[in-house]
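Coordinate inspection notes
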Amino acid sequence: MISVEEAFAHMQRLRVHYGTEKVNLENAAGRILQENITADRDFPPSTELPKMASP
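The text that follows walks through the structure, step by step, so that each part is easy to find. Just so it is clear, the model here is predicted, and its values are computed rather than measured. (Residues numbered from 1 in each chain as written. Predicted model: local features only at pLDDT ≥ 70, side-chain atom pairs only at ≥ 80, totals over all residues. Heavy atoms only, no water.)

Considering the overall build of the protein
Helices and strands together make up the secondary structure of the protein, namely one helix and zero strands. Burial analysis of the protein (55 residues in total) assigns 0% to the buried set. Here the protein displays about 6600 Å² of accessible surface, and carbon together with sulfur accounts for 57% of that area. (Helix = DSSP H or I, 4+ residues; strand = E, 2+ residues; numbered from the N terminus. Buried < 20%, exposed > 50% of the residue type's maximum accessible area, 1.4 Å probe, protein only. Areas by Shrake-Rupley, 256 points an atom, 1.4 Å probe, with all protein chains shown as cover.)

Things to note about the pattern of salt bridges
Applying the stated criterion across every chain, the model contains two salt bridges. Where Arg31 meets Glu21, a salt bridge forms, and the shortest distance between an N and an O atom there is 2.4 Å. Of this pair, Arg31 sits in the segment after helix 1 (4–14) while Glu21 sits in the segment after helix 1, and the two are ten residues apart along the sequence. Under the relative-accessibility criterion, Arg31 is labelled partly exposed at 45%. The partner of Arg41 in a salt bridge is Asp40, and the shortest N-O contact between them spans 3.3 Å. Asp40 matches Arg41 in its accessibility class, with the two residues each being exposed. (Salt bridge = Lys/Arg side-chain N within 4 Å of Asp/Glu carboxyl O.)

A few points about the layout of surface pockets
Of the volumes computed, that of the largest pocket is approximately 670 Å³. Lining the largest pocket are 16 residues, and of these Glu21, Arg31, Ile32, Leu33 and Gln34 sit closest to its centre. Of the residues belonging to the lining of the largest pocket, the class tally is eight nonpolar, four polar and four charged. (1 Å grid on protein atoms, 1.4 Å probe; cavity = no way out; pocket = protein on both sides within 12 Å on 5 of 7 lines; lining within 4 Å. Points joined across faces, edges and corners; volume = space filled by probe spheres on them. Nonpolar A, V, L, I, M, F, W, Y, C, P; charged D, E, K, R; others polar.)

Re the environment of Gly19
Summarising the element assignment, Gly19 is placed in the segment after helix 1. Since its relative accessible area comes to 43%, Gly19 is described here as partly exposed. Distance from Gly19 to Gln34, taken between C-alpha atoms, is 9.5 Å for residues 15 residues apart in sequence.

Fair warning: the whole summary comes from geometry, so function is off the table for now.
Shown next as C-alpha cells:
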C-alpha cells in the first residue's frame, strides 16, 4: 500500500488540463467551472415569505 502523499502525487501526474472555453448556460450541463460564481445579492432577497393575497 502507498501513502496518501504518494497517491496524491500520482494523481497529480495523471491530471489532464483540457483548456477552457466560454459556453452558454444552456450548453453548460456536465461541465466544470473554472472559477467560483458569486451573487451580488441574496436570493431570495428576504428571509420572509411573501404574503399570499386573499381571494
